[in-house]
Amino acid sequence: MALSVASCWSANGSGSMPPKGDKTKYPGRKPTAMGKRDKIVKLDAEGMTRTAIAKGLGVSERSVYRALQGTGERIGDH
């Protein structure tokens, strides 16, 4: 038997769904590396290693590679 969201709320005893825009919904995490994409690209162009970029900006190495992925950079360049 599949339960819908509405039936789960009723089963929990609240009787109704929370209103739209309710603060109980997780809004998601703000992307950190994509906000720093321009800085990542600049540092990469200056020859800084991907590891050093990640440490310097406080993001993961994978995030640095992901930020560079759409820029036309070849991933193995540095």
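Everything that follows concerns the structure shown earlier in this document.
Described in the following lines is the structure provided in the data block. Nothing here was measured: the structure is a model prediction, and the numbers come from that model.

### Some words on the pattern of salt bridges
For step 1, the next point in the chain: Going through the model one piece at a time under the given rule, you end up with 2 salt bridges.
For step 2, the next point in the chain: Across the pair glutamate 46 and lysine 42 runs a salt bridge whose closest N-O atoms are separated by 3.0 Å.
For step 3, the next point in the chain: Exposure remark for glutamate 46: the relative accessible area of 52% places this residue in the exposed category.
For step 4, the next point in the chain: Two residues, arginine 50 and aspartate 44, come together in a salt bridge whose shortest N-O distance is 2.7 Å.

### Brief notes about the environment of glutamate 46
For step 1, the next point in the chain: Here glutamate 46 lies in the loop between α2 (37–45) and α3 (50–57).
For step 2, the next point in the chain: A polar contact of 3.0 Å, which involves the side chain of glutamate 46, links it to the side chain of lysine 42.

The rules behind the values
- Residue indices begin from 1 for each chain and proceed along its sequence in written order.
- pLDDT decides what is reported in this predicted model: residues at 70 or higher carry local features, side-chain atom pairs at 80 or more are listed and counted, and totals for whole chains, interfaces and linings draw on all residues regardless.
- Calculated side-chain values reflect all of the structure's heavy atoms, with hydrogen atoms and water omitted.
- Salt bridges are counted wherever a side-chain nitrogen of Lys or Arg sits within 4 Å of a carboxyl oxygen of Asp or Glu.
- A 1.4 Å probe rolled over the protein chains alone gives each residue an accessible area, and that area as a share of the maximum for its type sets the label: buried under 20%, exposed over 50%, partly exposed in between.
- What counts as a helix is a DSSP run of H or I of at least four residues, what counts as a strand is a run of E of at least two, and both are numbered from the N terminus.
- Counted as a polar contact is a pair of N or O atoms within 3.5 Å, where, for protein atoms, one must be capable of donating a hydrogen and the other of accepting one, and residues adjacent in sequence contribute only when both atoms are in side chains.

Spatial relationships are all this shows, so hold off on functional conclusions.
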